[in-house]
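# Close look at the chain arrangement
Residues per chain are reported as follows:
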Amino acid sequence: MTLVIGAHVSSADPVAEAQARGTTAVQFFLADPQDFKASPAVERAGGAEQLRADAEAAGVDLYVHAPYIINVATRNNRLRIPSRKTLQKHVDAATAIGAKGLVVHGGHLAKDDDPAVGYDNWRKAVEATDLTLPLLIENTAGGDNAMTRYLSAIAGVWEAISSTEQADMVGFCLDTCHAHAGGNALETVVDDVLAITGRIDLVHANDSRDDFDSGADRHTNFGSGRIDPDLLAQVVRDAGAPVICETPGGADEHRADFAWLRDRGA
């Protein structure tokens, strides 16, 4: 079956952005990704209900990316507590527009913190959040004490949340740039992640400006980065999940990236 390949777009009119790219899936923010103070908001006239109806009528699947600043793993109360509140607000807002999932980064601890604290804080966050749509935890590229950079840490998070009543509502978003820059072998990353999580719900397909294990989160268009083209396409094929390209540019550049993947069997 042909994979759905879409892109991260402006939130002003996601349906029109999808149509401009000839796709049936888009991802976008509902608030400033670097700000706790900004509440999620739908810019479309008619609000969440209208966006949901328009997306359904057009056959467009919507995905929401939660703010980058969310860090439910940290020991810092002044960051963890607003992170949980912000996460719930985005779950509610994403559900209201009929989104297929809410993507959130794994967060991190301070350098000398015990990773077990972060894993348990993830458990508490899942228990404290009313998950009315799939929460898709994304692997990240940098930080030695990041919760989802290394496979061992991903395993720690998954073991912790597996005991929660809502564990089946927590999925995984695999980012190819983050995996490469984070030091995870792309040759085996799909099997490695599936062995831990049992699922890959979404792929963020991105080339990387930087070298393997650099820890640098810098996306670039396909074929212009440091990831082997055939290997990148293989990850997308093997994951078998809907694809969102978070590559630079607008509709023309995204169409070119879609074609690049299609030419390689995605």
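Scoring rules and cut-offs
Per chain, residue numbering runs from 1 following the sequence as it is written. Thresholds applied to this predicted model are a pLDDT of at least 70 for local features of residues and 80 or more for the giving and counting of side-chain atom pairs; totals over whole chains, interfaces and linings are not thresholded and use all residues. Heavy atoms throughout the structure, all of them, feed into the side-chain values; hydrogens and water do not. Here, any two strands with at least 2 DSSP bridges between them count as paired. Put simply, DSSP H or I for four residues or longer makes a helix, DSSP E for two residues or longer makes a strand, and each gets a number counted from the N terminus. Angular values range over 0 to 180 degrees, each being the angle between N-to-C directions of two axes fitted as lines to C-alpha atoms, with helices fitted over their stretch in contact. Contacts: residue pairs with any heavy atoms within 4.5 Å of one another. Here a helix's expected span is defined as the number of its residues, less one, multiplied by 1.5 Å. For every residue, the accessible area (1.4 Å probe, protein chains only) is compared with the maximum for its type, and the residue is labelled buried under 20%, exposed over 50%, or partly exposed between those bounds. This arc corresponds to the set of directions leading from the helix axis out to the C-beta atoms. The term nonpolar core refers to a set of buried residues drawn from Ala, Val, Leu, Ile, Met, Phe, Trp, Tyr and Cys, joined through side-chain atoms within 4.5 Å. Any angle that is under 35 degrees is reported as roughly parallel, and any over 145 degrees as roughly antiparallel; angles of 65 to 115 degrees are reported as roughly perpendicular and all others as oblique. The crossing is said to be left-handed when, going from far helix to near helix, the turn is anticlockwise and less than a right angle, and right-handed when the turn is clockwise.

### Considerations on the sheet that holds strand β5 (residues 135-138)
The strand order β1-β2-β3-β4-β5-β6-β7-β10 describes a closed barrel built from 8 strands, whose pairing is parallel. The mean inter-strand angle of the sheet, taken between neighbouring strand axes irrespective of direction, is 30°. Looking at chain direction, β5 and strand β6 (residues 170-175) are connected through 4 bridges and run parallel. Note that in β6 the partner of L135 across the bridge is V170. Most of the contacts of helix α5 (residues 151-161) go to β6, to which it runs at about 165°, and overall it touches β5 and β6. Relative to strand β1 (residues 5-8), helix α9 (residues 251-263) is tilted by about 145°, and along the sheet it contacts β1, β7 (202-205) and β10 (243-245).

### Topic: helix α2 (residues 47-58)
Counting along an α-helix, one turn takes 3.6 residues, and residues three or four places apart therefore face a common direction. The terminal C-alpha atoms of α2, which comprises 12 residues, lie 17 Å apart, in line with the 16 Å expected from a rise of 1.5 Å per residue. For α2, the complete set of buried residues consists of G47, L51 and A55. Along the long axis of α2, the arc covered by the buried residues comes to 80°, so they all point the same way. Within α2, the exposed residues directed more than 90 degrees away from the buried face are E49, E56 and A57. Positive phi appears at G59, one or two residues downstream of α2, with a value of about 70°.

### Comments concerning helix α7 (residues 189-197)
For α7, every residue scored as buried is listed here: V189, V190, V193 and T197. All buried residues of α7 fall inside an arc of 100° around its axis, so they share one side. More than 90 degrees from the buried face of α7, the exposed residues found are D191 and A195. The elements touched by buried residues of α7 are α5, β6, α6 (176-181) and α8 (229-239).

### A word on the nonpolar core
Counting residues in each nonpolar core, the largest one holds 67 residues, and the members touching the most others are F28, W122, L174, V236, V243 and L261. Examining the composition of this core, we find that 6 residues originate from one element, α5, more than from any other. The contacts of W122, once residues within four sequence positions are left out, are V72, A73, V104, H105, G106, L135, I137, M147, V157 and I161.

### Notes on the packing of α5 against α7
Contact geometry of α5 with α7 gives a least axis separation of 9 Å together with a crossing angle of 20°. As the angle between them shows, α5 and α7 are arranged roughly parallel. Seen along the crossing, α5 lies across α7 with a hand that is right-handed. Between α5 and α7, the residues in contact are L151, I154, A155 and W158 and D192, V193, I196 and T197, respectively.

### Describing the environment of D144
Inspection of the secondary structure puts D144 in the loop between β5 and α5. The exposed category is assigned to D144, whose relative accessible area is 66%. On a C-alpha basis, the gap between D144 and K111 in space is 7.3 Å, while along the polypeptide they are 33 residues apart. If we ignore the near neighbours within four places in the chain, the residues touching D144 are R149 and Y150.

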